[in-house]
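What follows is the residue order along each chain.
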Amino acid sequence: MSFNRDLGQHRSQLENQNYLHLENILSDRFTNLLKIYGRQIVDGELDEIEEWHIPGKKRQFLFDFLSKPHFDQFREGLSHLTGEHQDAITIGERHIKVYLDEAPDFPVPHMDRQAAQYTIGFPIHVPEDSRVCFLPQLSRNENTKQCASYADLPAGTDLEDLYEDDQVVSIKGNIGDMIIFQGSTIFHERIRSAGCSILYIKINAAGQDPLGEHAKLLASFANMPADAVAN
Ligand SMILES: [Fe+2]
């Protein structure tokens, strides 16, 4: 229900590169769900998570899985890909981020909070010239805080030049794709992000749920009608 092929075949590639871009990996059902979210956001039918509005950069919306089986199959696929036990995979964050028109083209790179052992991006809408960039030339020390950590760059650093370094990995991504990387240990950022809509699901195998979004998800399954839980 979540993916259209076994993610396990890409495990060694993820281990070697620390990031992975899998094109057309999502099932039609998952892709259609993202399209529905995208349309609801455009039409103003979805409530924004007010406390996560970042003025001048992005709006954020909470993503819910279709059902318990959708959630279970998602974790099963990620278990095959990462080698972590399925039941240990905690969803530390599940936000659809919509980047504002005034978002800067070349922001200072950041690492995600510690609960983002892996950050997984599912593009919903990506303008032609936007890219998510990984900057392996910067520190690889884990961010041990439960908030984002921004790169401490030398004074006068030209940010556009920084992203043009030969070592930088740049990926556009389209709906149906999945981009996974070690969010709390790799500096990254999306450049020319204005107009992008992307679902970010951040996972860890340490039981870290700093926003309570994993617990809230499990509670929502308990309240679902039996047929939604079974299908
Ligand atoms: Fe991030």
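For the structure itself, look to the data block above.
Here the structure is a predicted model, which means the values were calculated and not measured. (Residues numbered from 1 in each chain as written. Predicted model: local features only at pLDDT ≥ 70, side-chain atom pairs only at ≥ 80, totals over all residues. Heavy atoms only, no water.)

A. How the structure looks around the overall build of the protein. Looking only at helices and strands, one finds six helices and eleven strands in the protein. Expected size for 231 residues packed as a compact globule is a radius of gyration near 17 Å; at 17 Å, the protein falls within 12% of this value. In terms of principal-axis extent, the alpha carbons of the protein reach across some 60 × 40 × 30 Å. In the protein, which comprises 231 residues, the share counted as buried stands at 49%. Contacts in the protein between residues at least 24 apart in sequence constitute 86% of all its contacts with a sequence separation of at least 6. (Helix = DSSP H or I, 4+ residues; strand = E, 2+ residues; numbered from the N terminus. Rg over C-alpha atoms; globule rule 2.2 N^0.38 Å. Buried < 20%, exposed > 50% of the residue type's maximum accessible area, 1.4 Å probe, protein only. Contact = heavy atoms within 4.5 Å.)

B. Focus on the sheet that holds strand β11 (residues 197–204). Read across the sheet, six strands follow the order β1-β9-β5-β11-β3-β2 without closing on themselves; strand pairing throughout is antiparallel. A single partner strand is all that each edge strand has here, and the edge strands are β1 (19–22) and β2 (58–62). Taking each pair of neighbouring strands and ignoring which way they run, the sheet shows an average axis angle of 20 degrees. When β2 meets strand β3 (residues 90–99), the two strands line up antiparallel, connected through five bridges. Looking across to β3, one finds that R59 is bridged to V98. Against the sheet, helix α2 (residues 28–42) contacts β2, β3, β5 (118–125) and β11, and its axis sits at roughly 65 degrees relative to β5. In the packing of helix α5 (residues 213–222) onto the sheet, contacts are made with β2 and β3, and the angle to β3 comes to roughly 100 degrees. (Pairing = 2+ DSSP bridges. Axes fitted to C-alpha atoms, helices over the stretch in contact; angles between N-to-C directions.)

C. Layout of the coordination of the iron ion. For the iron ion, the full set of protein donor atoms is H110 (NE2), D112 (OD) and H188 (NE2), and the range of their distances to it is 2.1 to 2.2 Å. Every donor residue of the iron ion comes from the same chain, spaced as H-x1-D-x75-H. Overall, the relative accessible area of 10% leaves H110 in the buried class. (Donors = N, O, S within 2.8 Å, 3.2 Å for Na, K, Ca; no water.)

D. The arrangement of helix α3 (residues 68–82) in detail. For α3, which comprises 15 residues, the first-to-last C-alpha distance of 21 Å matches the rise-based estimate of 21 Å (1.5 Å per residue) to within 8%. Considered for burial, the residues of α3 that qualify are P69, H70, F71, F74, R75, G77, L78, S79, L81 and T82. Positioned one or two residues after α3, G83 has a phi angle of 85 degrees, which is positive. (Expected span 1.5 Å × (residues − 1).)

E. Highlighting the side chain of N204. Mapped onto the elements, N204 comes out in strand β11. Here A115 takes part through its backbone oxygen, which lies 3.0 Å from a polar atom of the side chain of N204. Within the local environment of N204, its side chain forms a polar contact with the backbone nitrogen of G207, the two atoms lying 3.1 Å apart. Excluding residues within four positions of it along the chain, N204 makes contact with A88, I89, T90, G92, A115 and Q117. (Polar contact = N/O pair within 3.5 Å; in protein donor to acceptor, adjacent residues only side chain to side chain.)

F. Fine view of α5. Within the span of α5, buried status applies to E213, H214, L217 and F221. The buried residues of α5 occupy an angular sector of 105 degrees when projected down its axis, which confines them to one face. Among the exposed residues of α5, those pointing more than 90 degrees away from its buried face are K216 and A222. (Arc of directions from axis to C-beta.)

G. Region of interest: the nonpolar core. Of all hydrophobic cores here, the largest spans 34 residues; its most connected members are F63, F74, L78, F122 and M178. Elements represented by at least two residues in this core include exactly β1, α2, α3, β3, β5, β9 (178–181), β11 and α5. With five residues, α2 is the largest single contributor of residues to this core. When neighbours within four sequence positions are excluded, L78 is seen to be in contact with F3, L7, G83, I89, I120, M178, I180 and I203. Counting residues in each nonpolar core, the second largest holds eleven residues, with M111, L135, L162 and F187 among its members. (Core = buried A, V, L, I, M, F, W, Y, C linked by side-chain atoms within 4.5 Å.)

H. Just the pairing of β11, in detail. In terms of burial, β11 is a largely internal element, eight of the eight residues being buried. Here β11 shows two buried faces, one formed by S197, L199, I201 and I203 and the other by I198, Y200, K202 and N204.

I. Quick peek at the packing of α3 against α5. It is the contact of α3 with α5, at a shortest axis distance of 10 Å, that shows an interaxial angle of 140 degrees. Our classification of the angle between α3 and α5 gives oblique. Here K68, F71 and R75 of α3 come into contact with α5, specifically with H214, L217, L218 and F221. (Parallel < 35°, antiparallel > 145°, perpendicular 65-115°, else oblique.)

J. Seen up close, the pairing of β5. With seven of its eight residues buried, β5 lies for the most part within the structure. As paired strands, β5 and β11 are joined by seven bridges and run antiparallel to one another. Within the sheet, the bridge partner assigned to H125 lies in β11 and is S197. Note: β5 against β9, three bridges, orientation antiparallel. Across the sheet, G121 pairs through a bridge with I179, a residue of β9.

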